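Here's the letter readout for the chains.
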Amino acid sequence: MTIDEIKKQLGWAGLQYIRPFTIVGVGTGSTVSHFMDALATSKHQIKGAISSSEMSSIKLKSLDIPLFNLNDVSSVDIYIDSADEINSQMQMIKGGGGALTREKIIAAVAKKFICIVDSSKKVEILGTFPLPIEVIPMARSWVTKEMLRLGGIPEYRKGITTDNGNIILDVKNLRISNPIELEETINNIPGVVTVGLFARRSADIALIGSQYGIQTVIKKT
Ligand code: 5RP
């Protein structure tokens, strides 16, 4: 089975968590793209979707899935998204697709976060995947220096402006042994909009796909 076939199975597996008359938060990326195809088959049963990126909005519109503005809904029942890395505590690195800020907002609002990932994303310690940070453009050099001070090696993601008009730094060389602490530290650097560490708000359920099938992991409370 190819990685894309595994991602497709994960996308369709996400559908089992969708309840009628609910608002569904939709992430960004190639795995979620399959979920959107699956969601389109149930579009008449749900109220609609909240999108985490312009890219996902385009696809949701093309599938005729009603789109809502987050400010116009009282709650988001479920958020389905993927990740770049996930650990056993369901903490994640996200933002490989550059949509981390809106993803983090929807994850915070949603009652339940289901992460759909292929097993290559499973790690013991977060940090092999470069940590994306969305930064206000004028703070690029300052945040770069602060990340060097924290032991990271930041790289400017060239040619990318986020949906919010900002830039992204991808930070290598981090072995993230305390994700909540690092998330707070980076959040406190002026100029940082969002760090792609989803540690405080981790996933509630992970569907982990491989050629052997899909494993469902529920967060211990
Ligand atoms: C986008 C993300 C994605 O969830 C992450 O990059 C995984 O993407 P894919 O499903 O294409 O492997 O965080 O900002």
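Each remark here, short or long, concerns the structure printed above.
All of the points below concern the structure found in this document. Everything quoted here is computed from the prediction, not taken from an experiment.

1. Let's talk about the packing of aromatic side chains
- Inspection of every chain in the model, using the stated rule, returns one aromatic pair.
- Above the face of the Phe 198 ring, Lys 94 is positioned so that its terminal group lies 5.6 Å from the ring centre.
- Here the basic side chain of Arg 140 rests over the ring of Tyr 156, its NZ or CZ set 4.1 Å away from the ring centre.

2. Section: the pairing of strand E13 (residues 205-210)
- Across the six residues that make up E13, a large majority, six, are buried.
- Here strand E7 (residues 112-118) runs beside E13; their pairing, made up of five bridges, is parallel. From the neighbouring strand, Val 117 faces E13, where its bridge partner is Ile 208.
- By the bridge criterion, six bridges tie E13 to strand E14 (residues 213-218) in an arrangement that is antiparallel. Bridge pairing in E14 links Gly 209 to Ile 214.

3. A short note on the site of the ligand
- Near the ligand there are 17 residues, and of these Ser 30, Thr 31, Asp 84, Gly 95 and Lys 121 occur at the shortest range.
- Side-chain polar atom of Ser 30 to an oxygen atom of the ligand: 2.5 Å apart, as the coordinates give it.
- Burial of the ligand by the surrounding chains reaches 91%, relative to a free accessible area of 380 Å².
- Its residues placed into classes, the shell around the ligand shows two nonpolar, nine polar and six charged.

4. Brief notes about the packing of helix H1 (residues 3-14) against helix H2 (residues 30-40)
- Where H1 contacts H2, the axes come no closer than 7 Å and their chain directions differ by 45°. Overall, the two elements H1 and H2 adopt an arrangement that is oblique. Where H1 crosses over H2, the handedness of that crossing is right-handed. Where H1 approaches H2, its residues Asp 4, Lys 7, Lys 8, Leu 10, Gly 11, Trp 12 and Gly 14 are matched on the opposing element by Ser 30, Thr 31, His 34, Phe 35, Asp 37 and Ala 38.
- Taken together, the residues that form the contact of H1 with H2 break down as four nonpolar, five polar and four charged.

5. Considering the nonpolar core
- Core analysis: the biggest nonpolar cluster contains 25 residues, and Ile 18, Val 24, Val 26, Phe 35, Leu 39, Ile 65 and Leu 207 have the highest contact counts within it.
- Elements supplying a minimum of two residues to this core: H1, strand E1 (23-26), H2, strand E4 (78-81), E7 and E13.
- Per-element tally for this core: the top contributor is H2, with six residues.
- In this structure Ile 65 touches Met 36, Leu 39, Ala 40, Lys 43, Ile 46, Ala 49 and Leu 60, once residues within four positions along its chain are discounted.

Cut-offs and rules
- Residues numbered from 1 in each chain as written.
- Predicted model: local features only at pLDDT ≥ 70, side-chain atom pairs only at ≥ 80, totals over all residues.
- Heavy atoms only, no water.
- Phe/Tyr/Trp six-rings, centres within 6.5 Å; stacked < 30°, edge-to-face > 60°.
- Lys NZ or Arg CZ within 6 Å of the ring centre and 35° of its normal.
- Buried < 20%, exposed > 50% of the residue type's maximum accessible area, 1.4 Å probe, protein only.
- Helix = DSSP H or I, 4+ residues; strand = E, 2+ residues; numbered from the N terminus.
- Pairing = 2+ DSSP bridges.
- Near = heavy atom within 4 Å.
- Polar contact = N/O pair within 3.5 Å; in protein donor to acceptor, adjacent residues only side chain to side chain.
- Areas by Shrake-Rupley, 256 points an atom, 1.4 Å probe, with all protein chains shown as cover.
- Nonpolar A, V, L, I, M, F, W, Y, C, P; charged D, E, K, R; others polar.
- Axes fitted to C-alpha atoms, helices over the stretch in contact; angles between N-to-C directions.
- Parallel < 35°, antiparallel > 145°, perpendicular 65-115°, else oblique.
- Left-handed = near helix turned anticlockwise from the far one by under 90°.
- Contact = heavy atoms within 4.5 Å.
- Core = buried A, V, L, I, M, F, W, Y, C linked by side-chain atoms within 4.5 Å.

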